[in-house]
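# Remarks on the overall topology
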Amino acid sequence: MCRWAAYVGEPIFIEDIVSRPGHSLIHQSQCATMCHTAINADGFGVAWYGERPEPGLYRDVMPAWSDPNLRSLTETVKSGLFLAHVRASTGSATSRNNCHPFRHGRWSFMHNGQIGGYDGFRRAGEMMIPDSLYPERRGATDSEALFLVAMAEGMEADPKCALERATARFETLARERGAAPYMRLTAAFSDGVRLYAVRYASDDHAPSLYHRWSDTRRGRAVVSEPLEVDESDWQEVPPGSFCTFEGKRVSIEPFEPALMPVA
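A brief look at the structure comes next. Computed from a prediction, not measured in an experiment: that's the story for all the values here. Think of each chain on its own: its residues are numbered from 1, step by step along the sequence as written. Side-chain atom pairs in this predicted model are given and counted only at pLDDT of 80 or more, local residue features only at pLDDT of at least 70, and totals for whole chains, interfaces and linings cover all residues. To get the side-chain values, all heavy atoms of the structure are used, and hydrogens and water are removed first.

### Points about the nonpolar core
Definition of nonpolar core: a set of buried residues of the types Ala, Val, Leu, Ile, Met, Phe, Trp, Tyr and Cys, connected through side-chain atoms within 4.5 Å. Each residue is placed in one exposure class: buried if its accessible area under a 1.4 Å probe, protein chains only, is under 20% of its type's maximum, exposed if it is over 50%, and partly exposed if it falls in between. Counting residues in each nonpolar core, the largest one holds 33 residues, and the members touching the most others are Phe109, Met155, Leu163, Phe170, Leu185 and Phe189. When residues of this core are traced back to their parent elements, those giving at least two are strand 6 (107–115), helix 5 (142–152), helix 6 (159–177), strand 7 (183–190) and strand 8 (195–201). Per-element tally for this core: the top contributor is helix 5, with seven residues. Every residue in contact with Met155, bar those within four places of it in the chain, is listed here: Trp107, Phe147, Ala150, Ala162 and Phe189. Formed by 24 residues, the second largest nonpolar core is a distinct cluster that contains Ile17, Phe44, Leu73 and Ala84. We count a stretch as a helix when DSSP gives it H or I for four or more residues in a row; a strand needs E for two or more, and each element gets its number in order from the N terminus. The criterion used for residue contact is that any of the two residues' heavy atoms lie within 4.5 Å.

Take a look at the structure:
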């Protein structure tokens, strides 16, 4: 399992989420406490929004704690919307193209979880990516495939329903050709205006997800694990939830993928 953190609000230095807190994302890359894998050393990435609609993207295969370029970037870049991820591979190779976040146009996407037995039906999963989007397929992860299928299902018009349909398609394949747990999913993604997050699983073990508004920063952090142990106002996102964060506003709706026959 991976760990990730995202932020939306008034612009702050990226380090205020990624490296400065006591249990920052970089700290979690060495010592995560709410997942099976305490070490998340199979690469990292940051996507941030600035003056242009498309996000900037920096990814590498080094452990997050050992890359001086990451520290330099987070110390000097300010953003009002960014996503950061540290990776623990569930099977695919450690390569830059397999590091999250993924980007398509103005959209960015990162994922923690797994699609059970994906290696056994990888070809069928790839076939769900339409020809128009397949050139965007850079790596080999189930996460990137899920993102591109969600884009094909209408992410631009309706992010929640698009991701529900994409999740349902992959979970159906996992139930027919893969292995349990069929789907475990926490994801954060953005169009550069709003931040979206989802927490879902086909069993009772959805990966952890929290959020917190800071009056000091005038922004909201959305994270796999709380960033400070002495902050008591972190709110846990219930399993089976789709969240929209825009400014101080939070909307949480049921996330209910409807399983379907495989075409």
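### Structural notes on the sheet that holds strand 5 (residues 102–104)
In this scheme, strands are said to pair when DSSP sees at least two bridges between them. Spatially, the six strands line up as an open sheet ordered 5-6-7-8-12-13, and their pairing is antiparallel. Each edge of the open sheet is held by one strand with a lone partner, namely strand 5 and strand 13 (249–254). Adjacent strand axes in the sheet meet at a mean angle of 15 degrees, parallel and antiparallel pairs treated alike. Alignment of strand 12 (residues 241–246) against strand 13, held across six bridges, turns out to be antiparallel. Lines fitted to C-alpha atoms define the axes, with helix axes restricted to the stretch in contact, and inter-axis angles between N-to-C directions lie between 0 and 180 degrees.

### Quick notes on the sheet that holds strand 2 (residues 44–48)
The strand order across the open sheet built from seven strands is 3-2-4-1-10-9-11, with neighbouring strands paired in antiparallel fashion. With one partner strand each, in any of the chains shown, strand 3 (56–60) and strand 11 (235–236) form the two edges of the open sheet.

### Quick notes on the pairing of strand 12
Extensive coverage of strand 12 is indicated by the burial of five of its six residues. As defined by bridge partners, strand 8 adjoins strand 12 across five bridges and the pair is classed as antiparallel. When the sheet's bridge partners are listed, Val198 is paired in strand 12 with Phe242.

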